[in-house]
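Here's the letter readout for the chains.
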Amino acid sequence: MLDWLWVIPALPLAGFVLLVGLRGLPRPVIALIGVGSVGASAALALLAAVRYLSAAGPVVPIRQVLWTWLPLTSFHPTIGLHLDPLSLLMMVVVTFVAFWIHLYSTGYMACDGGYGRFFAYMNLFVGAMLVLVLADNLLLLYLGWEGVGLCSYLLIGFWYTDPANGRAAMKAFIVTRVGDAALAVGLLLLYWHFGTLDIQSIALQAPHVWVSGSGLAIAAAALLLGGAVGKSAQLPLQTWLPDAMAGPTPVSALIHAATMVTAGVYLIARMNAIFELALPVGQVVAVIGAVTLLLAACSALTQTDIKRILAYSTISQIGYMFLALGVGAYSAAMFHFMTHAFFKSLLFLAAGAIILGMHHEQNIFKMGGLWRRMPLTFVTFLAGALSLAALPFVTAGFYSKDLILYETLASQRGSPVLWACGLVGAVLTALYTFRLVFVVFFGPARREPQRGGSARGTAALGCGSFQAQKPEPPAPTHISWTMTLPLVVLAVFAIVAGAVELPKNVYQVTLLSDWLGVVLPAAPQREHLPSLAKVQIIAGAASLAGIVAAWLLYRRFPSAVRVLRLVRPWRQVYRLWQGGWGFDWLYRRLVVEPFVYLARANRRDFIDLFYGAIGESAKLLHAVLSWGQTGKVGWYAACLVIGAIVLITILVLT
Amino acid sequence: MIPEALILVPLLTGLACLLAKASPRAVRTLAMQGTLATLALAVLLWLVHMKWLAIDPLTARSLLELNLPWIPALGVSLHLAPNGLSVLMVLLTALLGVLSVAVSWRGITQRVGFFHFNLLLILAGILGVFQAMDLFAFYFFWEVMLVPMYFLIDVWGHENRHYAAIKFFLFTQVSGLLMLLAILALYFLHGRSSGAYTFDVARLVDTPLPSPVAFGLLLGFFAAFAVKLPAVPLHTWLADAHTEAPTAGSVILAGLMLKTGAYGMLQFLWLLFPLAALDFAPAARVLGVVGILYGAMLSFAQFDLKRLVAYTSVSHMGFVLLGIFTPNELAWQGAVMQMLCHGLGTGGLFILVGYLSDRLHTRDMRAMGGLWASCPRMGGAAMFLAMAALGLPGMGSFVGEILILIGVFHVSPVLAIVASGGLVLATVYALWMMQQVFHGREKVRAADLRRTELGVLAVLIVLLIYLGVYPKNVFDTFNSTIKHSRTFNSLMQQSQIEDP
């Protein structure tokens, strides 16, 4: 069954090879290869899902080994794929979202000079991401892991002429690489102990090899977590993601919202066998998630750049997923991954439409009243925003977030404190989301769309000004169908995708958890379960409270915010939040500056001084000796006499 | 038959280049034909070694081995007997030989005949080093590499070439003498104990040595190899020599000459002094890790692009040193893979830097920036090579590094963890290089790569990717050496017992 599984990751990779190998293709062909390869991949992924789910009998994982990657006697990781419900879910969501984003990109990037390069990188990304999720062993997973990191770097720095973009790209790669190094060490540790990196055999052996809570299990889980926090932009390695918004908006939607940044969540869910043996690390995961979601939500509240708001929101939402993973509710985390992939990529794409419509203006306070001018964008953005804010009962985001909140109370590993964090986070989420909605779409139009575009915008995006290969098309006052169709499709999914898993008191649908239950353990439940309805009502109230608060602050009494910002302590807090809690400053002072200083100070390599000194002393000796060689007989005779006297004196005296 | 042909072909082509009163173009063509023939012979050597040896050992062995008495009175013979490790190194040498001639096509315009004579003489010397199984012959070839390389740097190098050439010569010569002393000591010790005076490695292996003596001799060999490798703190000749050499010289220095050090360690140290090597291994591993981190840090600090690339060698060869002194299958296979990929990857980077500085007439990165706009092909190739340098999975260098790390982790988890810091530092210098040269504001423009230039780099990139996803052939080739290595098997058994 599914002999052609390998084609799914191979198609986008082939697209990459074609786009890199064949230069100077006309744009329609580039679009055809770029979008077509991902589209075909998505279609095959859906077909695989249908086949896999309709197969009779119990769900069995499918394994397809293409070849042995490193055929050694004591180590033989394969280039092999493993399809089970978890990787299937990831695969379908990744290809599905990626296809719509690729389609959108044909419009968004239509007049960019680097059209072919863009689709080449995007295809490579999809291929690498599919390798990551389908890998049957950790080494191949690591290949995908680094591959998506590379694409993230390439695409953040896509508009490379601006050094700021380059800096952001380097920061993203280097910071995540710190986490990757931890993950690599984790791989070393796991191989050392299990003699294999095959994920299934590790999962099978782990409970027999390690006692629950043993030091090595904790070390292994902590190292995997190190990789996960790097890739998923969680504390303490979250600093790269807001800067990563320097990339084109479809990139932010695909890589820095829907797929790559959730790779850490996937890794932890995938390696749950290790984490189940290291419960203290699980606690750390939950705390990291809770703290990250709060810190990032506060920061999102104070940003003025529409993409940075969404970036902090992504960090915060992944915090929810980590919270769920930490309390053992793996399915809930994957559920939120799925709904988040839909609504956050939708929000980014809609934001991209706004940015394009506003001629590359990203400051929300320079927008306003856009709902009249961009009704479709408004409606779809609103669907995403409602889902993000978790509007009770009608949005997908509500069901997944509500499940997480419920599990933090119901799981033995959860606690009311963690739940409270999640709840406060829910209020903040609704608040920052609808701050965005009210400021951007309502109120007076603060700035008319202009033909020229802002200086930064043209440098970044503008048609024609950036080594465009064809003349500047008319400004996109209306947006092509390739951009609107993805918005509509994703908006539908942002609302209805929650239907795959409903709370018991609403309707008995547990498709997702039943399905994932084959591979992911359920969280151990407390004896006295909290009332489902109560938790739901509180969660719903929290999100409504946030929306209402946003309405009061940014619609009804906008002066209140202005007054608030004048108050002294609040002003400082505001600045702290806006700067992402000072992590950047801290790392710059603690790590970057000392390293650069040290490296620069030693540029000439102090070890070479030693050899230089040998050379110099040889020269000195040479000078002294040659100084004595005067060629005058009298001088030699005098030296002879003095030497003889010295020698005789020494002989006599001793 | 093949081994001596591998040495004679470049040697005779080199002489022909020197003596023929031909036009530069004819000389270049001749050199290219000679190196291509060498490459064909190398591939043949590999095929015979891998395929024929299994089918018809007797004939194959006669093709693969040469044992001529040279100075019978002293027990010196010209014994060439390439094993799996040698075969891999010979292939790398022959390939980089072809590319060296190709990259010198436009860059070298003065004394073309003498240049190619030196180039081919170095190749002949290196091919001898990689195949000799007689220590006298080994030392002979070791010295043969040296003088033409000195000329290559001193005559065709950049601004500071005289200083760099002398420094290179002194470092390698002094350390080479230490090796010569060790070889002679071993020769006399063996002769005195067995009565037969010989330089043949296969027979010297059984010399009974008191452990302090063995340790001393090991250090003599190690000094020569560590200078070539180079191991910190003996690395300081490298940056000057690599930077000042002409492009072909840098390619051969980084791609091949450094490998002779690693090859010597892997081929001879463990074979001749297994116990002493085991005692020495922890110290050598520490040197390796220091090299990884220190080299990466030096690399990041440079303004001179070529110097930056030169220092990456210190870092990468630190991995090799670490792997060589970790006697288990994974680390050794990793070390060999890392040697090959460093040869391809760093060779490629030097070629790229050569193309770039030919166009810009500077190597100062502060004067570069935004080159991607005018040279997208060069930028793309540089990106691939930078990713190979930082050990991106999918590239052969990742296979090398991860196998070394896994192997080392068995022996010393702490060192493996510290060494993995090199993964981060490599990212820093590789991305820094890309940022300074190809990204950012467009400060300079240059002509993009020509078709042949792109072809040269494409060969290297394709090979790096091939080794990264399908390294089986390399493993099999080296495995044939490991399996037949008595030392290795006994070491294996020991480390099996140590396993938890």
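These figures come from a predicted structure and were not determined experimentally.

### As for the overall build of chain B
Turning to step 1, where the next piece is worked out: What chain B contains, in helices and strands, is 21 helices and two strands.
Turning to step 2, where the next piece is worked out: For chain B, whose C-alpha radius of gyration is 22 Å, the value lies close to the compact-globule estimate of 23 Å for 500 residues.
Turning to step 3, where the next piece is worked out: A total of 500 residues make up chain B; the buried ones form 66% of that total.
Turning to step 4, where the next piece is worked out: Across chain B, contacts joining residues at least 24 apart in sequence account for 81% of those joining residues at least 6 apart.
Turning to step 5, where the next piece is worked out: Here chain B has roughly 16,100 Å² of accessible surface; of this, 68% comes from carbon and sulfur atoms.
Turning to step 6, where the next piece is worked out: Across chain B, the centroid of the 28 positively charged side chains sits 9 Å from that of the 23 negatively charged ones.

### Details of the overall build of chain A
Turning to step 1, where the next piece is worked out: If you tally the helices and strands in chain A, you get 28 helices and two strands.
Turning to step 2, where the next piece is worked out: If one aligns the C-alpha atoms of chain A with their principal axes, the spans along those axes are about 115 × 65 × 60 Å.
Turning to step 3, where the next piece is worked out: Of all 654 residues assigned to chain A, the portion counted as buried reaches 59%.
Turning to step 4, where the next piece is worked out: Accessible surface, chain A as shown: approximately 25,200 Å² in total, 71% of it carbon and sulfur.
Turning to step 5, where the next piece is worked out: When the 41 positive and 24 negative side-chain charges of chain A are each reduced to one mean point, those points stand 12 Å apart.

### Brief notes about the interface of chain B and chain A
The accessible area lost on association of the parts is a frequent measure of interface size.
Turning to step 1, where the next piece is worked out: Listed as interface residues are 63 residues of chain B and, on the opposing side, 49 residues of chain A.
Turning to step 2, where the next piece is worked out: The contact between chain B and chain A buries some 5,100 Å² in all, and 74% of this surface belongs to carbon and sulfur atoms.
Turning to step 3, where the next piece is worked out: Ranking the residues of chain B by area buried against chain A places B:M297, B:F409 and B:L431 at the top, with a combined share of 11%.
Turning to step 4, where the next piece is worked out: In this assembly, chain B and chain A are joined by one salt bridge.
Turning to step 5, where the next piece is worked out: Put simply, A:D608 and B:K167 hold a salt bridge, and the shortest N to O gap is 2.8 Å.
Turning to step 6, where the next piece is worked out: Our count for the chain B to chain A interface comes out at 17 residue pairs in polar contact (both at pLDDT 80 or more).

### A closer look at helix α2 (residues 27–54) of chain A
Turning to step 1, where the next piece is worked out: Compared with the 40 Å implied by 1.5 Å per residue over 28 residues, the 40 Å span of α2(A) between its first and last C-alpha is a close match.
Turning to step 2, where the next piece is worked out: Remark: the principal bend of α2(A), roughly 25 degrees, maps to A:G36.

### Things to note about the pairing of strand β2 (residues 76–80) of chain B
Residue and element names in this part refer to chain B.
Turning to step 1, where the next piece is worked out: Of all the five residues making up β2, four are buried; the element is thus mostly covered by neighbouring parts of the structure.
Turning to step 2, where the next piece is worked out: The sheet contact formed by strand β1 (residues 66–71) and β2 spans five bridges and is antiparallel. Bridge assignment links I71 to a residue of β2, and that residue is V76.
Turning to step 3, where the next piece is worked out: Counting the residues between successive antiparallel strands, the hairpin from β1 to β2 contains four residues, one of them, G75, with a positive phi of roughly 75 degrees.

### Observations regarding the packing of aromatic side chains
Turning to step 1, where the next piece is worked out: In total, this model carries 68 aromatic pairs over all chains according to the counting rule given.
Turning to step 2, where the next piece is worked out: When the centroid spacing of 5.5 Å and the interplanar angle of 70 degrees are considered together, the rings of B:Y150 and B:F169 count as edge-to-face. Of this pair, B:Y150 sits in helix α6 (residues 135–156) while B:F169 sits in helix α7 (residues 161–194), and the two are 19 residues apart along the sequence.
Turning to step 3, where the next piece is worked out: Overall, the relative accessible area of 27% leaves B:F169 in the partly exposed class.
Turning to step 4, where the next piece is worked out: Aromatic pair B:Y187 and B:F199: ring centres 4.1 Å apart, planes at 5 degrees, arrangement stacked. Highlighted residues: B:Y187 in helix α7 and B:F199 in the loop between α7 and α8 (201–204), separated in sequence by twelve residues.
Turning to step 5, where the next piece is worked out: You can call B:F199 buried: its relative accessible area is 4%.
Turning to step 6, where the next piece is worked out: The structure contains a cluster of three or more aromatic residues connected by ring pairs, namely B:W70, B:F136, B:F140, B:F141, B:Y187, B:F188, B:Y197 and B:F199.
Turning to step 7, where the next piece is worked out: When the ring centre of A:F158 is taken as origin, the NZ or CZ atom of A:R117, which lies over that ring, is 4.3 Å away.

### Considerations on the domain arrangement of chain A
Turning to step 1, where the next piece is worked out: Along its sequence, chain A is carved into domain 1 (7–461 + 486–524 + 535–564) and domain 2 (604–653).
Turning to step 2, where the next piece is worked out: Summarising the inter-unit geometry, the C-alpha centres of domain 1 of chain A and domain 2 of chain A are found 74 Å apart.

### Description of the confidence of the model for chain B
Turning to step 1, where the next piece is worked out: Per-residue confidence for chain B averages 89 on the pLDDT scale, and 97% of its residues sit at or above 70.
Turning to step 2, where the next piece is worked out: Overall fold confidence (pTM) sits at 0.91, and the ipTM for the predicted complex is 0.92.

### Let's talk about unusual backbone geometry
Turning to step 1, where the next piece is worked out: Note the cis peptide between A:L235 and A:P236, where omega equals 0 degrees.
Turning to step 2, where the next piece is worked out: The residue A:P236 is located in the loop between α8 (215–231) and α9 (240–243) in this model.
Turning to step 3, where the next piece is worked out: Cis peptide bonds are those with omega within 30 degrees of zero, and the linkage from B:V232 to B:P233 qualifies with 10 degrees.
Turning to step 4, where the next piece is worked out: Its identity as a non-glycine residue notwithstanding, A:A233 has a phi of 55 degrees, on the positive side.
Turning to step 5, where the next piece is worked out: Position of A:A233 among the secondary structure elements: in the loop between α8 and α9.

### Things to note about helix α16 (residues 376–389) of chain B
A turn of α-helix holds 3.6 residues, and therefore any two residues three or four places apart point the same way.
Residues and elements named next belong to chain B.
Turning to step 1, where the next piece is worked out: For α16, with 14 residues, the first-to-last C-alpha span of 19 Å sits near the 20 Å given by 1.5 Å per residue.
Turning to step 2, where the next piece is worked out: For α16, a buried count of eleven out of 14 residues is recorded, marking the element as mostly surrounded by other parts of the structure.
Turning to step 3, where the next piece is worked out: What α16 keeps buried is the set M378, G379, G380, A381, A382, M383, L385, A386, M387, A388 and A389.
Turning to step 4, where the next piece is worked out: Count one or two residues on from α16 and you reach G391, which has phi positive near 75 degrees.

### Structural notes on the nonpolar core
Nonpolar side chains in soluble globular proteins tend to be buried together.
Turning to step 1, where the next piece is worked out: In this structure, A:Y153, A:L190 and B:F325 are the most contacted members of the largest nonpolar core, which totals 443 residues.
Turning to step 2, where the next piece is worked out: In terms of residues, this core owes the most to one element, helix α15 (residues 330–357) of chain A, which gives 20 residues.
Turning to step 3, where the next piece is worked out: With sequence-adjacent residues up to four places away left out, A:L190 is seen in contact with A:L138, A:G195, A:T196, A:L197, A:I202, A:W210, A:A220, A:L224, A:M271 and A:I274.

### Points about the pairing of strand β2 (residues 78–83) of chain A
Turning to step 1, where the next piece is worked out: Taken across its six residues, β2(A) has six buried, putting it largely inside the fold.
Turning to step 2, where the next piece is worked out: Of the two faces of β2(A), both are covered, the one formed by A:T78, A:G80 and A:H82 as well as the one formed by A:I79, A:L81 and A:L83.

### What about the packing of helix α6 (residues 163–194) of chain A against α8(A)?
All names here are of chain A.
Turning to step 1, where the next piece is worked out: Packing of α6 against α8 leaves a shortest axis separation of 7 Å and a crossing angle of 150 degrees. One way to sum up the angle between α6 and α8 is to call them roughly antiparallel. The two elements α6 and α8 meet at a crossing, and its hand is left-handed. Together, T176, G179, D180, A182, L183, V185, G186, L189, L190 and H193 of α6 and L216, A219, A220, L223, L224, G226, G227, G230 and K231 of α8 make up the contact between the two elements.
Turning to step 2, where the next piece is worked out: Residues that form the contact of α6 with α8 fall into these classes: ten nonpolar, seven polar and two charged.

### Some remarks on the pattern of salt bridges
Residue and element names in this part refer to chain A.
Turning to step 1, where the next piece is worked out: In the structure shown here, the tally under the stated rule is 21 salt bridges over all chains.
Turning to step 2, where the next piece is worked out: Note that D84 is salt-bridged to R270, the shortest N-O span being 2.8 Å. You can see D84 sitting in the loop between β2 and α3 (85–108) and its partner R270 sitting in helix α11 (residues 263–270), a full 186 residues away along the chain.
Turning to step 3, where the next piece is worked out: One salt bridge in this structure joins R308 and D243, with 3.3 Å as the shortest N-O distance. In this pair, R308 is assigned in helix α14 (residues 306–326) and D243 in helix α9, connecting sequence segments 65 residues apart.
Turning to step 4, where the next piece is worked out: On the basis of relative accessibility, which here comes to 22%, the residue R308 falls in the partly exposed class.
Turning to step 5, where the next piece is worked out: If you follow the salt bridges from partner to partner, you end up with K171, D243, R308 and D584 in one network.

Parameters and conventions
Residues numbered from 1 in each chain as written. Chains lettered and ligands numbered in written order. Predicted model: local features only at pLDDT ≥ 70, side-chain atom pairs only at ≥ 80, totals over all residues. Heavy atoms only, no water. Helix = DSSP H or I, 4+ residues; strand = E, 2+ residues; numbered from the N terminus. Rg over C-alpha atoms; globule rule 2.2 N^0.38 Å. Buried < 20%, exposed > 50% of the residue type's maximum accessible area, 1.4 Å probe, protein only. Contact = heavy atoms within 4.5 Å. Areas by Shrake-Rupley, 256 points an atom, 1.4 Å probe, with all protein chains shown as cover. Lys, Arg positive; Asp, Glu negative; His and termini not counted. Charge placed at Lys NZ, Arg CZ, Asp CG, Glu CD. Buried area = accessible area lost by both parts, 1.4 Å probe. Salt bridge = Lys/Arg side-chain N within 4 Å of Asp/Glu carboxyl O. Polar contact = N/O pair within 3.5 Å; in protein donor to acceptor, adjacent residues only side chain to side chain. Expected span 1.5 Å × (residues − 1). Bend = angle between axes of the 7 residues up to and from the residue. Pairing = 2+ DSSP bridges. Phe/Tyr/Trp six-rings, centres within 6.5 Å; stacked < 30°, edge-to-face > 60°. Lys NZ or Arg CZ within 6 Å of the ring centre and 35° of its normal. Domains from an automatic or database assignment. pLDDT = per-residue confidence, 0-100. Core = buried A, V, L, I, M, F, W, Y, C linked by side-chain atoms within 4.5 Å. Axes fitted to C-alpha atoms, helices over the stretch in contact; angles between N-to-C directions. Parallel < 35°, antiparallel > 145°, perpendicular 65-115°, else oblique. Left-handed = near helix turned anticlockwise from the far one by under 90°. Nonpolar A, V, L, I, M, F, W, Y, C, P; charged D, E, K, R; others polar.

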